Amino acid sequence: MAATVIHAYYDDDDVLMHAVKRVKAKKLHIEEVYCPFPVHGLDKAMGLEPTRIAITSFMYGCLGLIVSIVMMNYIMIEDWPMDIGGKPSFSYIENMPAFVPVMFELTVFFAAHLMVITFYLRSRLWPFKKAENPDVRTTDAHFIMEIEVHNNEDELKDLLLDTGAVELNIIKNNH
Amino acid sequence: MASHYEAPIRKPLVIGDKGYHDVSVDIAAPVEGRANKMWWIVFSIALAAFLWGVGSIIYTVSTGIGTWGLNKTVNWAWDITNFVWWVGIGHAGTLISAVLLLFRQKWRMAINRSAEAMTIFSVIQAGLFPIIHMGRPWLAYWVVPIPNQFGSLWVNFNSPLLWDVFAISTYLSVSLVFWWTGLLPDFGMIRDRAVKPFQKKIYGLLSFGWTGRAKDWQRFEEVSLVLAGLATPLVLSVHTIVSFDFATSVIPGWHTTIFPPYFVAGAIFSGFAMVQTLLIIMRKVSHLEDYITVQHIELMNIVIMITGSIVGCAYITELFIAWYSGVEYEQYAFLNRATGPYWWAYLLMMSCNVVSPQVMWFKKIRTSIVISFIISIVVNVGMWFERFVIIVTSLHRDYLPSSWTMFSPTFVDIGIFIGTIGFFFVLFLLYSRTFPVIAQAEVKSILKSSGDRYKKLRDAGQPLYTIKKNGIVRETILGESDSKNALPEAGNLSLLSTLGSFDAGTQTVDDLKKVKGIGPLMEKTLNGLGIYSFLQLSKLTKKEYDLLDSITEAFPGRAQRDDWAGQAKLLLNNKN
């Protein structure tokens, strides 16, 4: 952590978006923005990379499909083939119509759960995890933009106040 | 801003002059407040019903399925009727949260949380029935394909009953994570508002440490969208597979290819009716009329009317196909349904499900809260009878006229059914007191496009926001003192220096008696000390409490135990 960071508080999403655009126009790096609700377009304006979590979900779904096929092939075809109603289980592909529902369900099961677990781990969400938002108001109605100061404190202060920040908290780290 | 534009013809979804903070206050109010008498009465009734159900289940398991009214002809009756009924009710939750999300319907945001809760609670009730029917519920894990000690004895993947196991468990667990993921930011909001340490701890635990970084929100939105995309075919598959339990059999009356779409439409129909029942009560009890508006009720009524009509089409198609097929067994099954000894159940089903929702064509009726409530109950009754009719009337006159019989439930059948209703309401009532019942973060995100305040501003041609350039600046020094904000340390020990003095010119006197533990006498004492406002009280800390005790000499420790500062903070928030 840098020696000094500024937390700029905003109480409106539109004002925040304007501020983010102005700060980015000055080629300053925004460390973080804490929001009480999703602000559409904020990730792009801040310069965040698009998330790849949907891609992981697709891969997990493929994994689920493979698991279901391997499992049912082993259980129904290889390990103990049965002759049910004159329809013997000797070939997976010929018996497949009966296996479609479970193939579908396991695909969804894997895609949904593993994606959510990935999300929780990547965003550091789990029971007993301490919240890291710097101010309790960020889950209510305030937005905080965090910017590091590199010998430009006054300049930054003026800029942020000019963008409509309702409050600035200049945090000096003397460790 | 263009992104918040919404056509003026659209009615506001959040009524009243509400900003972002007001939404937090309103949604947190039922959680932070105390349960009223009405809640306790309803909860006690639900709990009693639940306990009756538990008793009936224990009796069934310890004695055997013979305690039910089943006989060798009607060997499947209330158990599977109740199972299908509860699973069907569950469907609306996922429909509202997933399908309406994909269609970008903003009105879902006021009702999705409760609808999803209803899904989970009703699927739990549904799951109970097959497990009880197993006779030895402790062996329920045998439905899972695990290597076992019986040699190569596997579950049968050709059986619709096993497909059901996979469908229902996937559905329940995916709905649960979908619900919980959406809850995280809202639990975070309640955590950050909590003043009592215990509440803070519990909601901190439930919120998984939700922080709300821009990246978290980006992922959150993507995850919600993908889950909605996955849940939409999932919800269709679940009731399709439930209908396979019947459709893949060779019983006339069950062996029909129309079952999957017919069951899915019926499920959405009954689920919306149950959402309607629950939310009409909840909006009143929890004072959420500004969020769950008549507009929401009307839209749900339209869904009920449409799905009810689809169900009606399916009923008629069934009759037509039975006649058109030329199969006399099929024809008899349907003739017997409508005109046989169970004609009354068929009539009840037809009138509740097909006729009653048709009144919703009239705007006066579908915007009437009382009639909506009555129709929602009627539909739920009708949908229970639909399943009863399908199941019992197809079985009770089987292949041998000598074994033709009727079904009559025993008190155990009734007890288990009533018990699941009780269990459902116990869960829902607990939920409504402890969970944020409206997805407040999502409501805030549509407030500018669909909130009454901003719609009025837009209509008046006024800007939705102004950039004020008079922000305050403060400094925090980390590493030197533990205090987060470098407030000036009180040099002397006088109370008012830390609490701040009261300025009668600019501030108003608060009614301090609103704080629990302050009576008229104590209020006078406090006024005597120069304390008039909640703002001053909210700044009380351990030191001030001790000082206050030493001055007033009344009930030492009382002020701190009652958490006057926390209460004052709340009152202050509600005032602003």
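Sequence order as written defines residue numbering, which begins from 1 separately in each chain. Chain labels run from A onward and ligand labels from 1 onward, assigned in the order the entries are written. With the structure being a predicted model, the display of local features is reserved for residues of pLDDT at least 70 and the display and counting of side-chain atom pairs for 80 or more, all residues being used for whole-chain, interface and lining totals.

1. Quick word on the overall build of chain A
Comment: elements are numbered from the N terminus, with helices defined as DSSP H or I runs of at least four residues and strands as E runs of at least two. Secondary structure assignment for chain A yields five helices and six strands. Across chain A, helices and strands are ordered from the amino to the carboxyl terminus as β-α-β-α-α-β-β-α-β-α-β. In terms of principal-axis extent, the alpha carbons of chain A reach across some 85 × 30 × 25 Å. For the exposure call, what matters is how many other C-beta atoms sit within 10 Å of a residue's own: 20 or more marks it buried, 12 or fewer exposed, and in between partly exposed, using C-beta atoms placed from the backbone. Among the 175 residues that make up chain A, the fraction classed as buried is 41%. We call two residues in contact if the C-beta atoms placed from their backbones are at most 7 Å apart. Pairs at least 24 apart in sequence give 77% of the contacts found in chain A among residues at least 6 apart.

2. Points about the overall build of chain B
A tally of regular secondary structure across chain B gives 22 helices and one strand. Over its C-alpha atoms, taken along the principal directions, chain B stretches across nearly 100 × 60 × 45 Å. Here chain B, with 576 residues, has 45% of them falling under the buried criterion.

3. As for the domain arrangement of chain A
What the domain assignment reports for chain A is domain 1 (4–36 + 147–172) and domain 2 (53–122). As used throughout, domain bounds are those supplied by an automatic or database domain assignment. Put simply, the middle of domain 1 of chain A and the middle of domain 2 of chain A, counted by C-alpha atoms, are 50 Å apart.

4. Topic: the domain arrangement of chain B
All names here are of chain B. In terms of domain boundaries, chain B breaks down into domain 1 (23–146 + 155–454) and domain 2 (496–575). Distance between the C-alpha centres of domain 1 and domain 2: 49 Å. Listed as interface residues are four residues of domain 1 and, on the opposing side, six residues of domain 2. The residue inventory of the side of domain 1 that touches domain 2, partitioned by class, reads two nonpolar, no polar and two charged. By the convention adopted, Pro, Cys, Tyr, Trp, Phe, Met, Ile, Leu, Val and Ala count as nonpolar, Lys, Arg, Asp and Glu as charged, and the other residues, Gly among them, as polar.

5. Some points on the interface of chain A and chain B
Counting residues at the interface gives 76 residues for chain A, matched by 68 residues for chain B. Elements that contribute at least two residues to the side of chain A that touches chain B include exactly helix 1 (13–25), strand 2 (30–34), helix 2 (42–46), helix 3 (53–79), helix 4 (92–122), helix 5 (153–162) and strand 6 (167–173) of chain A. Taken together, the residues that form the side of chain A that touches chain B break down as 45 nonpolar, 15 polar and 16 charged. A pair of strands counts as paired when DSSP detects no fewer than two bridges linking them. As defined by bridge partners, strand 6 of chain A adjoins strand 1 (residues 472–478) of chain B across seven bridges and the pair is classed as parallel. Along strand 1 of chain B, the bridge assignment pairs Ile-171 of chain A with Thr-476 of chain B.

6. Looking at the pairing of strand 5 (residues 143–148) of chain A
Residues and elements named next belong to chain A. In the sheet, strand 1 (residues 4–10) pairs with strand 5 via six bridges, with the strands oriented antiparallel. Across the sheet, residue Ala-8 finds its bridge partner in strand 5, namely Met-145. Relative to strand 5, strand 2 is paired through four bridges, and the arrangement is antiparallel. If you follow Tyr-34 over to strand 5, its bridge partner there is Ile-144.

7. Structural notes on helix 4 (residues 112–133) of chain B
Residues and elements named next belong to chain B. Taking 1.5 Å of rise per residue, 22 residues should cover 32 Å, and helix 4 covers 32 Å from first to last C-alpha, within 8% of that figure. For helix 4, a buried count of 16 out of 22 residues is recorded, marking the element as mostly surrounded by other parts of the structure. Phi turns positive one or two residues past the end of helix 4, at Gly-135, with a value near 85 degrees. The span you would expect from a helix comes to 1.5 Å times its residue count less one.

8. Things to note about the packing of helix 2 (residues 37–63) of chain B against helix 14 (residues 411–434) of chain B
Residues and elements named next belong to chain B. Lines fitted to C-alpha atoms define the axes, with helix axes restricted to the stretch in contact, and inter-axis angles between N-to-C directions lie between 0 and 180 degrees. Where helix 2 contacts helix 14, the two axes come as close as 6 Å, and the packing angle between them is 140 degrees. Looking at the two axes, helix 2 sits oblique to helix 14. For the pair helix 2 and helix 14, the sense of crossing is left-handed. For this classification, under 35 degrees means roughly parallel, over 145 means roughly antiparallel, 65 to 115 means roughly perpendicular, and everything else is oblique. Handedness of each helix crossing follows the sense of rotation of the near helix against the far helix: counterclockwise by less than a right angle gives left-handed, clockwise gives right-handed.

9. Section: the packing of helix 5 (residues 160–193) of chain B against helix 7 (residues 214–247) of chain B
All names here are of chain B. Where helix 5 contacts helix 7, the axes come no closer than 9 Å and their chain directions differ by 150 degrees. Accordingly, the angle class assigned to the pair helix 5 and helix 7 is roughly antiparallel. Taken as a pair, helix 5 and helix 7 cross one another with a handedness that is left-handed. Within the contact between the two elements, helix 5 uses Pro-160, Leu-161, Trp-163, Asp-164, Ala-167, Ile-168, Thr-170, Tyr-171, Val-174, Phe-178, Thr-181 and Gly-182 and helix 7 uses Val-223, Ser-224, Leu-227, Leu-230, Ala-231, Leu-234, Ser-237, Val-238, Ile-241, Val-242, Phe-244 and Asp-245. Its residues placed into classes, the contact of helix 5 with helix 7 shows 17 nonpolar, five polar and two charged.

10. What to know about the environment of Ile-124 of chain B
Residue and element names in this part refer to chain B. Within the element layout of this structure, Ile-124 appears in helix 4. Since 17 C-beta atoms lie within 10 Å of it, Ile-124 is described here as partly exposed. For the pair Ile-124 and Val-87, spaced 37 residues apart in sequence, the C-alpha to C-alpha distance is 8.7 Å.

11. With respect to the sheet that holds strand 2 of chain A
Read across the sheet, five strands follow the order 2(A)-5(A)-1(A)-6(A)-1(B) without closing on themselves; strand pairing throughout is mixed. The open sheet has two free edges, formed respectively by strand 2 of chain A together with strand 1 of chain B, since each of these has just one partner strand. If you compare each strand with its neighbour and ignore which way they point, the axes differ by 20 degrees on average.

12. Structural notes on the confidence of the model for chain B
Residue and element names in this part refer to chain B. How sure the predictor is of each residue is captured by pLDDT, a score from 0 to 100. Summary statistics for chain B give a mean pLDDT of 87 and a share of 93% for residues scoring 70 or more. For residues 481–493, every residue scores under 50 in pLDDT, and the model assigns this stretch 10 contacts once sequence neighbours within four places are set aside. Interface scoring of the predicted complex returns ipTM 0.94; its pTM is 0.84.

13. A short note on the pairing of strand 1 of chain A
All names here are of chain A. Counting buried residues along strand 1, seven of its seven residues qualify, which places the element largely inside the surrounding structure. Burial of the side chains of strand 1 extends over both faces: Thr-4, Ile-6, Ala-8 and Tyr-10 are buried on one face and Val-5, His-7 and Tyr-9 on the other. Two strands pair when backbone bridges link them, and strand 1 and strand 6 are joined in this way by six bridges, in the antiparallel orientation. Paired with His-7 across the two strands is Asn-169, which belongs to strand 6.

14. Structural notes on the environment of Leu-184 of chain B
Along the chain, Leu-184 of chain B turns up in helix 5. Overall, the presence of 22 C-beta atoms within 10 Å leaves Leu-184 of chain B in the buried class. The spatial distance from the C-alpha of Leu-184 of chain B to the C-alpha of His-239 of chain B is 29 Å, given a sequence separation of 55 residues. Look past the residues within four positions of Leu-184 of chain B in its chain and what remains in contact with it is Leu-125 of chain A together with Ser-207, Phe-208 and Trp-210 of chain B.

15. Some words on the environment of Phe-178 of chain B
Residue and element names in this part refer to chain B. Topologically, Phe-178 is positioned in helix 5. According to the C-beta neighbour criterion, Phe-178 is buried, with 27 such atoms within 10 Å. Remark: the alpha-carbon pair of Phe-178 and Leu-227, spanning 49 residues in sequence, is separated by 6.8 Å. For Phe-178, the contacting residues outside a window of four places in its chain are Ser-97, Glu-116, Leu-227 and Ala-231.

16. With respect to unusual backbone geometry
Residue and element names in this part refer to chain A. The backbone of Arg-124 sits at a positive phi, close to 55 degrees, despite the residue not being glycine. Along the chain, the position of Arg-124 falls in the loop between helix 4 and strand 5. Of the residues examined, Arg-124 has 15 C-beta atoms within 10 Å and is grouped as partly exposed. Positive phi outside glycine occurs at Asn-151, with the angle close to 55 degrees.

17. Notes on helix 9 (residues 294–325) of chain B
In an α-helix, one turn spans 3.6 residues, which is why side chains three or four residues apart end up on the same side. Taking 1.5 Å per residue as the helical rise, helix 9 of chain B with its 32 residues ought to reach 46 Å, and the 46 Å between its terminal C-alpha atoms agrees with that figure. Immediately downstream of helix 9 of chain B, the backbone of Gly-326 of chain B shows phi near 75 degrees, a positive value.

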